[in-house]
Amino acid sequence: MVVKEKRAINREILTELKTLEYRGYDSWGVATIENDTILVEKDTGKIGSTVLANTSDSLAGIGHTRWATHGGVTKQNAHPHLSFDGRFAIVHNGIIENYLQLKDELQKQIPNLVFKSETDSEVFAHLLAFNAQSLSVEEAFFKSLAKVKGLNAFVVLDKKNNNVLAYRHGSPLVFSQNDGGYYFASDAIALLPYTKKVYFIKEGEVFIGDRLFSAKTKKSKKITWQMLDLEVSDLQKDGFDFFIEKEINEIPTVIEKLISTYKNQEKSLLSLLNQHDEFFLIGCGTAYYAALIGQYLLAQVSRIATAYSGGEASLFLKNIKKSTLPIFLSQSGETIDLIEQVGFLKKKKRKLLALVNRISSTLDRESTLSFHLQAGPEISVVSTKAFVAKITAWLLICSSLNKQLKATTKNLALASKNIRKLFLAENLDKVAKIANLLSIQNHVFVLGRGVHYPIALECALKAKEAAYLHFEAFAGGELKHGVIALIEPGTWTIVIVGGDEEDANILANAEEIKARGGKILGISPYFHQVFDEWLSFESVPNANVLLEAVLVQLLGLYLAKAKNLDPDKPRNLAKSVTVK
Ligand code: F6R
């Protein structure tokens, strides 16, 4: 940030960094200009209740919270990184693919150059300083950017001009300005305390101070402002212990919002879908499981769809037919494995549909049409309400294709009412008791069939990421093809019983496990004698996946609680995966 009157902006930057910690929380750092020197304070670990030692005033500063790519989690590797001459401090998001080559070149050009970190990022600080020895800072910035390969966003603090420079390629960056100064962040939520008027920096754009340029042509560009539809209060925990808990509790409201706004977009969605006879559904992690659910639900209305994990999709997208519509699913709209594919398809002038939560994210802006998931900010790294919003979106879309919207709307309203009942103390006590039991198991298996199989996958992922437990999901039909060899007396298996035509077969699987001494937790709308433990929900025609999803998410939360872990920020993870 750059402000007009000196103040302790290092503390402000640290406060805003806490809002951005979901992007990475291995280490953090802040740099400000004080009396012609760049002061850097950084450390490993989460920011927590850190209070910065330095309190003096400054006009310009930058900060960073890291998710390590190159170089371990150490104080030296934390950003910002200083240039050899002390003129620049840089923060970086991305991977400089040719950093070793650049490092070699710089070592030859700059006598006694010492790299203080093992990061690729530090190279850019020295490269810029080297170029700025003979060029204006603008020219040096453009020249340095042209040398760097890969998807990278940089924000640079320039001591000489008391200024900040920024560049976006791949990783997101937002700019905003008010009477007091101007600001950059990798997510608009960090800018909310300053202003709601923002500019989402586009691919290949550069800011020199508060002026916008194209990196390619070096010509200046006009800033087109946008108002954020967010409140600072959206970023509070509202009395819950964790964001994930708040976000699961918001699910009924999210479903109701989607029901009430769906009619406005039904026509444009149907028009785009009906121009195609097949669909590719692409997402990562939880969003991939939501794509799998879409694949099953579309099949139920006789439409052909194939779900791909973003990281595996490129080969299939390369040869995608004109009659196949690519549909991307994402909470953040910034996941690099999707954005890369979006870029490839855009070049081919293909139409794209997005099911996306973050309005104005890259995916949202680049898609032909977006179905906004309207789940509000999802702060917990572990995704919950956005997953359920995606399932709701599929249920609505499929009912439109099948001309059953009225009945589906009624079922969704009932599902939302029944989900609220899952938050009653009696049910939560039951979930907590079962979580205590499962939290001490070495391995737990999860089985589902049909549309309930992706729910089994979601259950296993939640347990892994929120509680570091080895839960493994399988399609019920696979049990006898190998998996059953893992069952020993006392091994717990969770079976998802969806109250439909898959029930008889999944219950038969449960019996087969039981016959070998295994224990069964049924997630089911009714009790069955094969269950040793039972988590129940009230059945809703064609919408039970929503209730199952909420139950497995609650189980993930209570597994984390049982192990005294923070499910909002699990180890090694970042919410928005913007690097390959
Ligand atoms: C799991 C989780 C991740 C994300 C995945 C995709 O709880 O949060 O698996 O679902 O990283 O992220 P988005 O949806 O932002 O593309």
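Residues numbered from 1 in each chain as written. Predicted model: local features only at pLDDT ≥ 70, side-chain atom pairs only at ≥ 80, totals over all residues. Heavy atoms only, no water.

Participant: Go over the site of the ligand, please, and point to the residues and values.
Facilitator: Close to the ligand lie 15 residues; Ser 330, Gln 331, Ser 332, Thr 335 and Glu 465 are nearest. In the environment of the ligand, an oxygen atom lies 2.9 Å from a nitrogen or oxygen atom belonging to the side chain of Lys 462. Look at the ligand: alone it shows 410 Å² of surface, and the protein chains cover 91% of it. Those elements that place two or more of their residues in the shell around the ligand are α7 (286-300) and α14 (453-467). Counting residues per element, the shell around the ligand draws most heavily on α14, at three residues. Partitioning the shell around the ligand into residue classes produces five nonpolar, seven polar and three charged. Both domains that meet at the shell around the ligand, namely domain 2 (244-421) and domain 3 (424-566), each give it at least three residues. (Near = heavy atom within 4 Å. Polar contact = N/O pair within 3.5 Å; in protein donor to acceptor, adjacent residues only side chain to side chain. Areas by Shrake-Rupley, 256 points an atom, 1.4 Å probe, with all protein chains shown as cover. Helix = DSSP H or I, 4+ residues; strand = E, 2+ residues; numbered from the N terminus. Nonpolar A, V, L, I, M, F, W, Y, C, P; charged D, E, K, R; others polar. Domains from an automatic or database assignment.)

Participant: Describe unusual backbone geometry, and please don't skip the residues or the numbers.
Facilitator: A cis amide bond, omega -5 degrees, links His 79 with the succeeding residue Pro 80. Position of Pro 80 relative to the elements: it lies in the loop between β4 (58-66) and β5 (81-82). Backbone geometry places Asn 112, a non-glycine residue, at a positive phi of 60 degrees. When you line up the elements, Asn 112 lands in the loop between α2 (99-109) and α3 (121-132). The phi dihedral of Gln 374 falls on the positive side, at around 50 degrees, and the residue is not glycine. With respect to the helices and strands, Gln 374 occurs in the loop between β19 (369-372) and α11 (385-401). Residue Gln 374 is classed as partly exposed on the basis of its relative accessible area of 23%. (Buried < 20%, exposed > 50% of the residue type's maximum accessible area, 1.4 Å probe, protein only.)

Participant: Can you lay out the pairing of strand β15 (residues 278-283) for me, pointing to particular residues and giving the numbers?
Facilitator: For β15, a buried count of six out of six residues is recorded, marking the element as mostly surrounded by other parts of the structure. In terms of handedness, the path from β15 via α7 over to strand β16 (residues 304-309) forms a crossover that is right-handed. Pairing of β15 with strand β17 (residues 324-330) involves five bridges; the strand directions are parallel. Across the sheet, Ile 282 pairs through a bridge with Phe 328, a residue of β17. (Right-handed = clockwise from strand over helix to strand, strands pointing away. Pairing = 2+ DSSP bridges.)

Participant: Can you lay out the environment of Gly 343 for me, pointing to particular residues and giving the numbers?
Facilitator: Examined against the element boundaries, Gly 343 turns out to sit in helix α9 (residues 336-347). Look at Gly 343 and you get partly exposed, because its relative accessible area is 30%. Distance from Gly 343 to Glu 366, taken between C-alpha atoms, is 8.2 Å for residues 23 residues apart in sequence.

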